[in-house]
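Geometric and topological summary
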Amino acid sequence: MVDYKKIGLVNTRKMFAKAVDGGYAIPAFNFNNMEQMQAIIQAAVETKSPVILQVSKGAREYANQTLLRYMAEGAVEYAKELGCAHPEIVLHLDHGDTFETCKSCIDMGFSSVMIDGSSLPYDENVAVTRKVVEYAHQYDVTVEGELGVLAGVEDEVSAAESHYTKPEEVIDFVSKTGVDSLAISIGTSHGAYKFTPEQCTVDPKTGRLLPPPLAFDVLEAVEEKLPGFPIVLHGSSSVPQEDVDTINKYGGALKAAVGIPEEQLRKAAKSAVCKINIDSDSRLAMTAAIRKTLAEKPAEFDPRKYLKPARESMKKLYIHKIVNVLGSNDKLLEK
Ligand code: G3H
Ligand code: 13P
Ligand code: ZN
């Protein structure tokens, strides 16, 4: 049993309470490799932001759960070396699909886990979430649950259509399970294709696809039922069109990729939404930079030569999200 506190990680409790009070959101960035981790930590240190490093099932398969957990321990030391005396870094399991997966991460030093029972019948979601909370809280590990289904792929869970969270269920779910935060479905979805062209309108000025607005009425109804309770938004990449254009210019084939407009995320961050999940935008930034470098320097074969600009590009993206969208800069508990 690894005690996450001994390796310098923190859980989400205090940072979420402060974020809900302060009207901003904590960034939850997925990481799968060293360059992403370096870019996330450099961005968090430079902006003095708390940060959630999250690990999906895909990441655990790609990079190995044990290695990722040691990388998170390394991330704490790296942040200190970069000048942050009291880093606030959470190591979080993203979309845990079973009690056993959550337990294995808790035992290994994760400070926070998500149990995603959103595709299960309501009573089964309550039961498995309750079981994870009972185990996690013995070790002061915080737990995120989910109600409502996001369209697209959520690791194991895949749904053709989204089902908004039912506000009438949230009090019962939170009180029966004891979760520390709740992910809800208000129209976001995973990946770079969040809306079909048919769901969008065309911006007459730019010719770009404009997605439909998120269901802020559902979010407001949830907040009314659970005042001050930490709410989580998955599927919150904005799919920057410059990165999509760069990828397509240098041989890629991303057609009609659409994300969540930043104004909507800014609005969400000011509400009880205190954790915003971003993965696809980092993938796009990395891919765009790598494609550009390789196209411009076809003789290059040293991975450091194309991973360095990719890392720089991701760092720029993370800083932009922290400062201009989520507002978590300068929000560390201790200076
Ligand atoms: O929930 C979705 C995340 O973007 C993780 O995706 O399972 O491909 O790593 P992944
Ligand atoms: P995006 O695909 O929009 O980046 O969402 C990531 C996510 O929700 C991870 O849990
Ligand atoms: Zn997600």
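For the structure, see preceding data.
Throughout what follows, the structure given in this document is the object of discussion. (Residues numbered from 1 in each chain as written. Chains lettered and ligands numbered in written order. Predicted model: local features only at pLDDT ≥ 70, side-chain atom pairs only at ≥ 80, totals over all residues.)

**Quick notes on the overall build of the chain**
- Each helix and strand counted, the chain has twelve helices and twelve strands in total.
- C-alpha extents for the chain along the principal axes are approximately 60 × 45 × 35 Å. (Helix = DSSP H or I, 4+ residues; strand = E, 2+ residues; numbered from the N terminus.)

**Focus: the sheet that holds strand β5 (residues 142-147)**
- An order of β1-β2-β3-β4-β5-β8-β11-β12 is seen for the eight strands of this closed barrel, with the pairing classed as parallel. Averaged over all neighbouring strand pairs, the angle between strand axes comes to 25°, with direction disregarded.
- Sheet topology note: the strand β8 (residues 181-184)/strand β11 (residues 231-233) ladder contains three bridges and is parallel. Within the sheet, the bridge partner assigned to A183 lies in β11 and is V232.
- Against the sheet, helix α6 (residues 122-138) touches β4 (112-115) and β5, its axis set at about 165° to β4. (Pairing = 2+ DSSP bridges. Axes fitted to C-alpha atoms, helices over the stretch in contact; angles between N-to-C directions. Contact = placed C-beta atoms within 7 Å.)

**Side note on unusual backbone geometry**
- You will see that K48, though not glycine, has its phi angle at about 55°, which is positive.
- Residue placement: K48 occurs in the loop between α2 (34-47) and β2 (51-55).
- Residues other than glycine seldom take positive phi values, yet H95 does so here, at roughly 55°.
- Owing to 26 C-beta atoms within 10 Å, H95 belongs among the buried residues under this scheme. (Buried ≥ 20, exposed ≤ 12 C-beta atoms within 10 Å, placed from the backbone.)

**Looking at the packing of helix α5 (residues 99-108) against α6**
- Running from N to C, α5 and α6 cross one another at 15°; their axes reach a closest spacing of 10 Å. Viewed along their axes, α5 and α6 adopt a mutual orientation that is roughly parallel. Note that α5 runs across α6; the crossing there is right-handed. Where α5 abuts α6, its residues F99, C102, K103 and I106 lie against V128, K131, V132, Y135 and A136. (Parallel < 35°, antiparallel > 145°, perpendicular 65-115°, else oblique. Left-handed = near helix turned anticlockwise from the far one by under 90°.)

The values are spatial; any link to function lies outside them.
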